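# What the coordinates show
One letter stands for each residue in the lines below.
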Amino acid sequence: MPSLQDMYNEPKPLTAHEKAAILFIAIGGDYAAKVFEHMDEDEIESITLEIANNRHVSVEQKATVISEFYQLMMANDYISTGGLEYAQSVLEKALGAEKATEILNRLTTSLQVRPFEFLRKTDPSQLLNFLQNEHPQTIALVMAYLSPDQAGIVMSGLSVDAQADVAKRIALMDRTSPDVIREVERVLEKKLSSLSTQDFTIAGGVPSVVEILNRVDRSTERAIIESLEVDSPELAEEIKQLMFVFEDIIMLDDRSLQLVLREVDTKDLSLAMKATSDEVAEKIYKNMSKRAADMLKEEISYMGPVKIRDVEEAQTKVVNIIRTMEDKGQIVIVRGGGEGMLV
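Before going into details, it helps to say that this report is about the structure given with it.

The rules behind each value
Residues numbered from 1 in each chain as written. Predicted model: local features only at pLDDT ≥ 70, side-chain atom pairs only at ≥ 80, totals over all residues. Heavy atoms only, no water. Core = buried A, V, L, I, M, F, W, Y, C linked by side-chain atoms within 4.5 Å. Buried < 20%, exposed > 50% of the residue type's maximum accessible area, 1.4 Å probe, protein only. Helix = DSSP H or I, 4+ residues; strand = E, 2+ residues; numbered from the N terminus. Contact = heavy atoms within 4.5 Å. Phe/Tyr/Trp six-rings, centres within 6.5 Å; stacked < 30°, edge-to-face > 60°. Lys NZ or Arg CZ within 6 Å of the ring centre and 35° of its normal. Expected span 1.5 Å × (residues − 1). Salt bridge = Lys/Arg side-chain N within 4 Å of Asp/Glu carboxyl O.

Time to look at the nonpolar core. Across soluble globular proteins, nonpolar side chains show a tendency to be buried alongside one another. Membership of the largest hydrophobic core comes to 28 residues, with the highest contact counts inside it found for Phe246, Met273, Ile284 and Ile322. Looking at this core, the elements that each hand over two or more residues are α15 (254-263), α16 (266-272), α17 (278-286), α18 (290-301) and α19 (308-327). Among residues more than four places away in sequence, those in contact with Phe246 are Ala272, Met273, Thr276, Val280, Ile284, Gln315, Val318 and Val319. Core analysis: the next-biggest nonpolar cluster, separate from the first, contains 18 residues, Leu131, Val142, Ala151 and Ile181 among them.

Below is the structure:
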């Protein structure tokens, strides 16, 4: 049993402001000033007073406060990354169960960690897919703790009947037992964790269509595009924009490129080449006379800074000429590696 003398000599626990003052002293004036920028005046005043009154900070105090601060920040990062259960697991492995519980209790009390924090950083579309098959009461409970933007996206994606049901449940929701919230969190976090470990692959989409159309014959490509222009004009245009881009000029044979260059305005060509690769530029120069190539190089060098939008518009003009000439059969664009070409 400690004596009265020992009890009197035992140092008092540091207050939050005293710990903050020691931390600010430890990190130095420059960093402390940067942190002050994110604090309100009352906090700054209280901590500044503690710093002024703290004339001596021992090495042990500094080490203890910095260690505690580091542990709290790591715990907060674990919570943000994977939720309270994940943070508890990691901290227990690193520090033991007792210390982990102590840190999380202190952190959740000071920061008031909101339930379902692990869902607040989930992509809204993935969140919708994840929640839409849950019970309406579960969806309502989760949405009540999401950010308004996230909740709005989830609500918009639900069926009309589910929207009304969930909205009603949120409106009538009063207080929910912490035990219920923790249990729902545990179940949902486990489900989300199992989903995130599955091997999802990205397939389909406009780029996939373009890859396929670039490898079919011209008549098949034209038939598909014409059909899409009737059913989905915007999609058809998006696909056409990707079917042949300015950099694909290197796919043209020399004779076809020479025919194209005769139709392209020099000003459009120089502007289009302002941001192109060396490979494309070399291909173009090679198919011009030396005099014409030198004049084009000189015009580009004297052009100065230009807007990206203007360059893109010039490249589009050149591409449109190429497409028109291909449609008329004046040039050939080699597709799919050039299989089946007769020379």
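Now that the structure has been shown, we can carry on.
All right, on to the packing of aromatic side chains then. Within this structure, the stated rule accounts for 0 aromatic pairs. Positioned above the aromatic ring of Tyr285, the side-chain terminus of Lys297 is 4.7 Å from the ring centre.

Moving on to the environment of Tyr285. Inspection of the secondary structure puts Tyr285 in helix α17. With relative accessibility at 15%, the residue Tyr285 sits in the buried group.

Compared with the 28 Å implied by 1.5 Å per residue over 20 residues, the 28 Å span of α19 between its first and last C-alpha is a close match. Within the span of α19, buried status applies to Val311, Ala314, Gln315, Val318, Val319, Ile322, Arg323, Met325 and Glu326. Looking one or two residues past α19, Gly329 carries a phi angle of roughly 80°, positive in sign.

What the rule picks out here adds up to 5 salt bridges. As a salt-bridge pair, Asp165 and Arg169 come within 2.9 Å of each other at their nearest N and O atoms. Residue Asp165 and its partner Arg169 are both found in helix α10 (residues 160-172); the two are separated by 4 residues, about one turn of the helix. Residue classification places Asp165 among the partly exposed residues on the basis of a relative accessible area of 26%. A residue is classified by how much of its surface remains accessible, and Arg169, at 25% relative accessible area, is partly exposed. With a shortest N-O distance of 3.7 Å, Lys317 and Asp268 are connected by a salt bridge. With Lys317 in helix α19 and Asp268 in helix α16, this pair connects stretches of sequence that are 49 residues apart. Taken together, the shared-partner salt bridges connect Asp254, Lys283 and Lys286 into one network.

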